Amino acid sequence: MTRPGRHFLQIPGPTNVPDRVLRAMDLPTIDHRGPDFARLTLDILEALRPVFQTRGPVVIFPSSGTGACEAALMNTLSPGDRILIMETGWFSHIAWRHQAEKIGLQVDYAPGTWRRGASPEEVEERLRADQAHAIKAVVVVHNETSTGVTSRIGDVRRAMNSARHPALLIVDTISSLASIDYRHDEWEVDVTVAGSQKGLMLPPGLGFNAMSEKARAAGKKATMPRSYWDWEAILKNNAAGFYPYTPATNLLYGLREALAMLQEEGLANVFRRHQRHAEAARAAVRAWGLEIVCEDPREYSGSLTAIFTPEGHDADRLRGIILEKFDMSLGTGLGKLAGKAFRIGHLGSFNDLMLAGTLAGVEMGLRLAGVPHRSGGVVAALDVLSAPVAEPVMS
Ligand code: PLP
């Protein structure tokens with residue numbers, strides 16, 4: 001059905017792809033073994049590092065985020081290795097536990113409530129108890145997309161150091177990279193996993209791994225079979241600007257443009273913009289009298305807000321009405337939050353009026369769906385959005 005105006009894609013990724021990125025991809029595909037392609041690769045790899053806040057290498061896979069999660073495990077571990085995964089929500093389960101078990105790893109799954117981030121204290125306790133250093137890696141989802149909870153990775157790293165445990169730290173930043181402050185080097189992360197379709201403002205189709213020296217050294221000893229995902233083969237080819245197989249050329253054109261946009265805005269400003277939109281979204285939720293899934297204000301997500309609907313009111317019915325009436329897609333409740341919660345994505349290429357429109361759609365939807373709430377959420381958000389903002393940080 002043709003619908004006037006733009007669809008509001010307010011799921012927490014894939015996000016709205018800016019016209020500038022769409023236009024950048026609308027170019028002829030070139031020879032991926034020719035000189036123009038080599039320049040493209042080398043420019044992109046250079047511009048990517050600051051986004052991960054690393055000086056080390058980043059590899060790009062033509063893959064979904066799940067592929068990049070598998071690549072992190074395949075490149076650093078051996079069959080039967082024990083790893084610790086902190087339960088944060090659906091993605092710690094499906095992208096990590098489920099996948100790790102399928103490829104033959106032994107998983108210690110530290111239970112969580114889906115309302116809080118990974119507990120640094122629990123990481124420390126479990127690692128201290130592992131005197132034999134049987135745990136080879138700790139996996140944490142930085143921003144749990146199913147719950148809107150952001151784990152404190154710096155504190156997790158401090159906990160690992162204080163336990164004096166050599167496990168690798170693997171972090172999933174699929175819904176936080178280029179939206180929420182994330183520091184691969186400073187937090188001594190060994191593998192950072194990311195995807196193209198959220199903060200990077202691209203369509204789905206690229207997966208990323210940034211890795212530490214320690215991760216590469218572990219990889220040289222690790223015996224998990226790997227071919228397509230093999231970092232070393234990619235890094236060797238990347239040195240000259242190439243790939244061991246056909247890369248996703250047109251997505252890479254888009255990535256070059258998206259990286260330029262991030263650089264022009266300045267990462268610090270990008271993070272601030274996300275925080276401000278998240279704060280305005282939470283102001284709306286509180287004014288509606290609804291409950292935010294994230295329980296700890298220190299862990300509020302800058303990229304999405306997950307909201308419970310009151311008992312007896314199906315969140316998917318609300319989403320259905322909003323889609324039908326206002327042509328807006330909101331995130332569904334995943335796993336045990338199915339039907340109980342919905343998610344507002346406010347990440348990527350996103351501005352104040354897009355948020356205002358999004359919240360207006362939610363408020364009208366709540367009314368139409370007969371979900372008990374107070375009106376005034378949009379007004380509360382507008383108060384946040386119209387408050388004076390700090391001067392942008394110049395890079
Ligand atoms: N991890 C997190 C935190 C995610 O948000 C997602 C997807 O939304 C994934 C993993 C899986 O990524 P993909 O769906 O691109 O395979």
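Computed from a prediction, not measured in an experiment: that's the story for all the values here. Per chain, residues are indexed from 1 in the order of the written sequence. In keeping with the model being predicted, local features are shown solely for residues with a pLDDT of at least 70 and side-chain atom pairs are shown and tallied solely at 80 or more, while totals for entire chains, interfaces and linings include all residues. Side-chain measures here rest on the full set of heavy atoms in the structure, leaving out hydrogens and waters.

Novice: I would appreciate a short explanation of the side chain of E144 in the present structure.
Specialist: Secondary structure elements follow DSSP: runs of H or I no shorter than four residues count as helices, runs of E no shorter than two count as strands, and numbering proceeds from the N terminus. On the secondary structure map, E144 appears in strand β6 (residues 143-144). Contacts were defined at the residue level, with two residues in contact if any of their heavy atoms lie within 4.5 Å. When sequence neighbours within four positions are dropped, the list of residues in contact with E144 reads T88, G89, W90, F91, S92, V149 and L304.

Novice: Can you help me understand the environment of V389 in this one?
Specialist: Here V389 shows up in the segment after α13 (377-386). Its relative accessible area of 53% is what places V389 among the exposed residues. Considered as a pair, V389 and R273 are 116 residues apart in the sequence and their alpha carbons are 9.8 Å apart. Relative accessibility under 20% of the residue-type maximum defines a buried residue, over 50% an exposed one, and the middle range a partly exposed one, all with a 1.4 Å probe and only protein chains included.

Novice: Explain the sheet that holds strand β11 (residues 291-292) to me, please; I cannot follow it from the model alone.
Specialist: Strands belonging to one sheet form pairs held by backbone hydrogen bonds; the direction of such a pair is parallel or antiparallel. Pairing between two strands requires that DSSP report at least two bridges joining them. Spatial ordering of the open sheet is given by β11-β12-β14, a layout of 3 strands whose pairing is antiparallel. The sheet is open, and its two borders are formed by β11 and β14 (341-345), each paired with just one other strand. In the sheet, β11 pairs with strand β12 (residues 304-308) via 2 bridges, with the strands oriented antiparallel. The residue of β12 that forms the bridge with I292 is I307.

Novice: When you look at the packing of helix α3 (residues 65-74) against helix α4 (residues 90-102) in this model, what are you seeing that I'm missing?
Specialist: Each pair of packed helices gets described by two things: the angle between the helix axes and the distance between those axes. Only the contacting stretch of a helix is used when fitting its axis, a line to C-alpha atoms as for every element, and angles between N-to-C directions run 0 to 180 degrees. Relative to each other, α3 and α4 sit at 50°, their axes nearing to 10 Å. When the axis of α3 is compared with that of α4, the two are oblique. Our pair here, α3 against α4, has a crossing hand that is right-handed. Contacts from T66, C69, E70, A72 and L73 in α3 reach A95, W96, Q99 and A100 in α4. Each residue is assigned to one class: nonpolar for Ala, Val, Leu, Ile, Met, Phe, Trp, Tyr, Cys and Pro, charged for Asp, Glu, Lys and Arg, and polar for all the others, Gly among them. The class makeup of the residues in the contact of α3 with α4 is 6 nonpolar, 2 polar and 1 charged. The cut-offs work like this: below 35 degrees is roughly parallel, past 145 is roughly antiparallel, 65 to 115 is roughly perpendicular, and the gaps in between are oblique. Note on convention: the crossing is left-handed when the near helix lies turned anticlockwise from the far helix by less than a right angle, right-handed when the turn is clockwise.

Novice: What am I meant to see in the side chain of R273 here?
Specialist: Checked against the element boundaries, R273 lands in helix α10 (residues 267-288). Look at R273 and you get buried, because its relative accessible area is 17%. A polar contact of 2.7 Å, which involves the side chain of R273, links it to the side chain of E265. Sequence-distant contacts of R273, that is, excluding residues within four places in its chain, are made with E265, G348 and F350. The definition of a polar contact used here is a pair of N or O atoms within 3.5 Å, where within protein one atom must be able to donate a hydrogen and the other to accept one, and adjacent residues in sequence count solely through side-chain atom pairs.

Novice: Looking at this structure, how should I read the pattern of salt bridges?
Specialist: As a working rule, side chains carrying opposite charge can pair if their charged atoms are close by. We define a salt bridge as a side-chain nitrogen of Lys or Arg found within 4 Å of a carboxyl oxygen belonging to Asp or Glu. Overall, the coordinates contain 24 salt bridges when judged by the stated rule. For D316, the salt bridge identified is with R319, shortest N-O distance 2.7 Å. Linking D316 with R319, this pair stays in helix α11 (residues 315-326), spanning 3 residues, or about one helical turn. Residue R319 is classed as partly exposed on the basis of its relative accessible area of 22%.

Functional significance is not addressed by these values, which are geometric in nature.
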